[in-house]
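# What the coordinates show
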Amino acid sequence: VLVILPEAYPTQPPQCSLPCPTPQLSLRWTSDSTLLDLYRQSQEQLNRHDKLFSVLDLLDTEAWVLEPENPSRADTFRRIAVAKHVSILVQLDPSAPQAIPDCHLL
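Residues numbered from 1 in each chain as written. Predicted model: local features only at pLDDT ≥ 70, side-chain atom pairs only at ≥ 80, totals over all residues. Heavy atoms only, no water.

### Structural notes on the environment of serine 42
Inclusion rule: Strands here mean DSSP runs of E at least two residues long; helices mean DSSP runs of H or I at least four residues long; both are numbered from the N terminus. Burial classification: accessible surface area is computed with a 1.4 Å probe over protein chains only, and a residue below 20% of its type maximum counts as buried, one above 50% as exposed, and the rest as partly exposed. Only heavy atoms matter for contacts: two residues are in contact if any of them lie within 4.5 Å across the pair.
Its place among the elements puts serine 42 in helix H1 (residues 35-47). Residue classification places serine 42 among the buried residues on the basis of a relative accessible area of 2%. Separated by 17 residues in sequence, serine 42 and leucine 25 place their C-alpha atoms 6.9 Å apart. Serine 42 has contacts with Val1, Cys16, Leu18 and Leu25, leaving out every residue within four places of it along the chain.

Below you can see the structure in the form of structure tokens.
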């Protein structure tokens, strides 16, 4: 989680970026908010992507992933080797990661 505190913190909310398909956190911030509130909201947003992360982890461990070379939680696609000179591009829907993905043979 990347957090940037503005000079006017805590009257101005921090900026927050998360390693997930929806990286910008829609932060609920009031003058009484704390960094613990920011942490909890970050966890809530990351938890909404648990199923997606599980599917991506499975692909990363069980398939020969060609791209991205160093996948992050924000990458919802994988190019997977199928055979010599044949690969498939798999694009997962973050809102329905267990649904049939969009696939293209390359």
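### Here's the deal with the packing of aromatic side chains
Applied cut-off: Each aromatic pair joins two rings of Phe, Tyr and Trp (for Trp, the six-membered one) with centres within 6.5 Å, and gets the label stacked for planes under 30 degrees apart, edge-to-face for over 60, and tilted for any other angle. Counting as a charge over the ring demands two things of the Lys NZ or Arg CZ atom: a distance within 6 Å of the ring centre and an angle within 35 degrees of the ring normal.
Enumeration over the complete set of coordinates arrives at one aromatic pair. Ring geometry for tyrosine 9 and tryptophan 29: centres 6.0 Å apart, planes at 45°, overall tilted. With tyrosine 9 in the loop between strand E1 (2-4) and strand E2 (15-17) and tryptophan 29 in the loop between E2 and H1, this residue pair connects regions lying 20 residues apart in the sequence. On the basis of relative accessibility, which here comes to 15%, the residue tryptophan 29 falls in the buried class. In this arrangement the basic side chain of arginine 73 is found over the ring face of phenylalanine 53, its NZ or CZ atom lying 4.5 Å from the centre.

### Overview of H1
Selection rule: Multiplying one less than the number of residues by 1.5 Å gives the expected span of a helix. Regarding the arc, it is the one traced by the directions from the helix axis to the C-beta atoms.
Taking 1.5 Å of rise per residue, the 13 residues of H1 would be expected to cover 18 Å, and the 18 Å separating its terminal C-alpha atoms lies within 8% of that figure. The complete set of buried residues in H1 reads Leu38, Gln41, Ser42, Gln45 and Leu46. Projection of H1 onto a plane perpendicular to its axis shows the buried side chains occupying an angular sector of 135°, all on one side. Where H1 is buried, its residues meet E1, E2 and helix H2 (50-62).

### Re the sheet that holds strand E6 (residues 102-105)
Note the cut-off: Strand pairing is assigned whenever DSSP identifies at least 2 bridges connecting the two strands. Axis definition: a line fitted to C-alpha atoms, limited for helices to the stretch in contact. Angles are taken between N-to-C directions and run from 0 to 180 degrees.
On the basis of which strands lie adjacent, the open sheet formed by four strands has the order E3-E4-E5-E6 and antiparallel pairing. Each edge of the sheet is formed by a strand with only one pairing partner; in this case those strands are strand E3 (65-67) and E6. Neighbour-to-neighbour, the strand axes of the sheet open up by a mean angle of 35°, direction not taken into account. Sheet topology note: the strand E5 (residues 86-91)/E6 ladder contains four bridges and is antiparallel. Counted as the bridge partner of isoleucine 88 is leucine 105 from E6. Taken strand by strand, H2 contacts E3 and strand E4 (77-83), and its axis lies near 30° from that of E4.

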